[in-house]
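Fold and contact review
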Amino acid sequence: TAKEQGGTQVCFYTDEINQVISRKVLLESGLRTAIERNEMDIFYQPQVLTNENRIVGVEALLRWKHPKLGMISPVEFIPLAEETKLIGPIGEWTIDRACRQFAHWLSQGAEVEQLSLNISAVQFLQRGFPTTLWSILKKSGLSPDRIVLEITESVVQDTSLCLPIMKELKEMGFQLSLDDFGTGYSSLQYLKELPLDIMKIDKSFIQSVPFSDKDKAIVETIINMASLLDLKVVAEGVETVEQLRFLQERHATAYQGYWYSPPVPEDKISENLLIENSPTHLNAPS
Ligand code: C2E
Ligand code: MG
Ligand code: MG
Ligand code: MG
């Protein structure tokens, strides 16, 4: 070790830190400066109309490259950002950047209709969220009906808390999507009471289609229920053509997943939106 080699104090100090400071503390302090140090980036994943093979939207997915620890999954750092209240600034940065980028694509002639943004429960329930969102949106010049807000069941657990906010956002013109449907503490009550536009079927159900009869039944039931409730339904985590066929036969509205494209950096998706999604491509036999 550095100590045995009579290393400098700096090395000795680093060794001790490594022992004492947990990954969590390291991530927490890193998170504070991640934006100003340019470590955050947004990837985009196409959302594709199931029966037309046309990109209808893109979902913005946050990426963080920690200088020492490498790529950190949002599954790990979003909860940390929520605990430390950093979700406010990080969430706003993401919305701002994604909206500007999306407005830019539209100005260049991209035919994509909507941008999906993931909104954490803490951010959604923060005082003044609709107003903050509105003012960020206005700077981009986008119309609110272009924006889909993806929220999870943890948001909607307390209906008395989230319903007024959802109504306010709907009045402003935003679309609301219930993400990861079927995982959390799902209650059909939500679907009755909340002003939702879209349901997203969690990828855990899609993953075992078409092998598991139970998962097939669940996916089919969610699609039918969504259609009866006049909601659009988006399937996430579509990795195989068999899964896509299954969704096509049952008329799911749209899907996303590695089969069509993983989340990709800005420049890559803009190629897709501006060239591949052009009418020429759509008319080509597939
Ligand atoms: P999510 O919103 O449910 O996003 C879907 C996740 O599935 C993404 O993981 C995506 O990369 C991944 N995925 C897409 N296609 C496939 C596929 O075919 N197979 C598999 N196995 N996975 C696929 P990611 O990007 O790691 O994000 C994880 C979660 O982190 C998201 O789940 C979302 O809840 C959260 N998240 C990501 N970006 C943001 C953000 O900007 N703000 C907030 N609040 N949360 C975010
Ligand atoms: Mg999502
Ligand atoms: Mg999801
Ligand atoms: Mg998910």
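None of the values given here were measured: they were computed from a predicted structure.

The next thing to look at is the coordination of the magnesium ion (ligand 3). Listed as protein donors to the magnesium ion (ligand 3) are Asp179 (OD), Asp180 (OD) and Glu236 (OE); their distances from the metal cover 1.9 to 2.3 Å. Read in sequence order, the donor residues coordinating the magnesium ion (ligand 3) give the pattern D-D-x55-E. For Glu236, a relative accessible area of 9% translates into the label buried.

Of the residues in the protein, 88% have a pLDDT of 70 or more, and the chain-wide mean is 90. In the predicted structure, residues 281-286 sits below a pLDDT of 50 and forms four contacts with residues beyond four places in sequence or in another chain.

What follows covers the site of ligand 1. As a structural note, the neighbourhood of ligand 1 is formed by 23 residues, with Arg63, Asn118, Asp179, Glu239 and Tyr258 the closest of them. In this structure, Asp180 approaches ligand 1 through a side-chain N or O atom, which is 3.0 Å from an oxygen atom. Within the side chain of Glu236, an N or O atom sits 3.2 Å from an oxygen atom of ligand 1. When residues of the shell around ligand 1 are traced back to their parent elements, those giving at least two are β2 (55-66), α3 (74-83) and β6 (175-181). Among the elements that make up the shell around ligand 1, the one with the highest residue count is β2 (four residues). Taken together, the residues of the shell around ligand 1 break down into nine nonpolar, six polar and eight charged.

What follows concerns the packing of helix α2 (residues 23-33) against α3. Where α2 contacts α3, the two axes come as close as 10 Å, and the packing angle between them is 70°. The pairing of α2 with α3 is recorded here as roughly perpendicular in orientation. Two secondary-structure elements touch here, α2 through Arg23, Lys24, Leu27, Glu28 and Leu31 and α3 through Glu76, Phe77, Leu80, Ala81 and Glu83. Taken together, the residues that form the contact of α2 with α3 break down as five nonpolar, no polar and five charged.

How each quantity is defined
- Residues numbered from 1 in each chain as written.
- Chains lettered and ligands numbered in written order.
- Predicted model: local features only at pLDDT ≥ 70, side-chain atom pairs only at ≥ 80, totals over all residues.
- Heavy atoms only, no water.
- Donors = N, O, S within 2.8 Å, 3.2 Å for Na, K, Ca; no water.
- Buried < 20%, exposed > 50% of the residue type's maximum accessible area, 1.4 Å probe, protein only.
- pLDDT = per-residue confidence, 0-100.
- Contact = heavy atoms within 4.5 Å.
- Near = heavy atom within 4 Å.
- Polar contact = N/O pair within 3.5 Å; in protein donor to acceptor, adjacent residues only side chain to side chain.
- Helix = DSSP H or I, 4+ residues; strand = E, 2+ residues; numbered from the N terminus.
- Nonpolar A, V, L, I, M, F, W, Y, C, P; charged D, E, K, R; others polar.
- Axes fitted to C-alpha atoms, helices over the stretch in contact; angles between N-to-C directions.
- Parallel < 35°, antiparallel > 145°, perpendicular 65-115°, else oblique.

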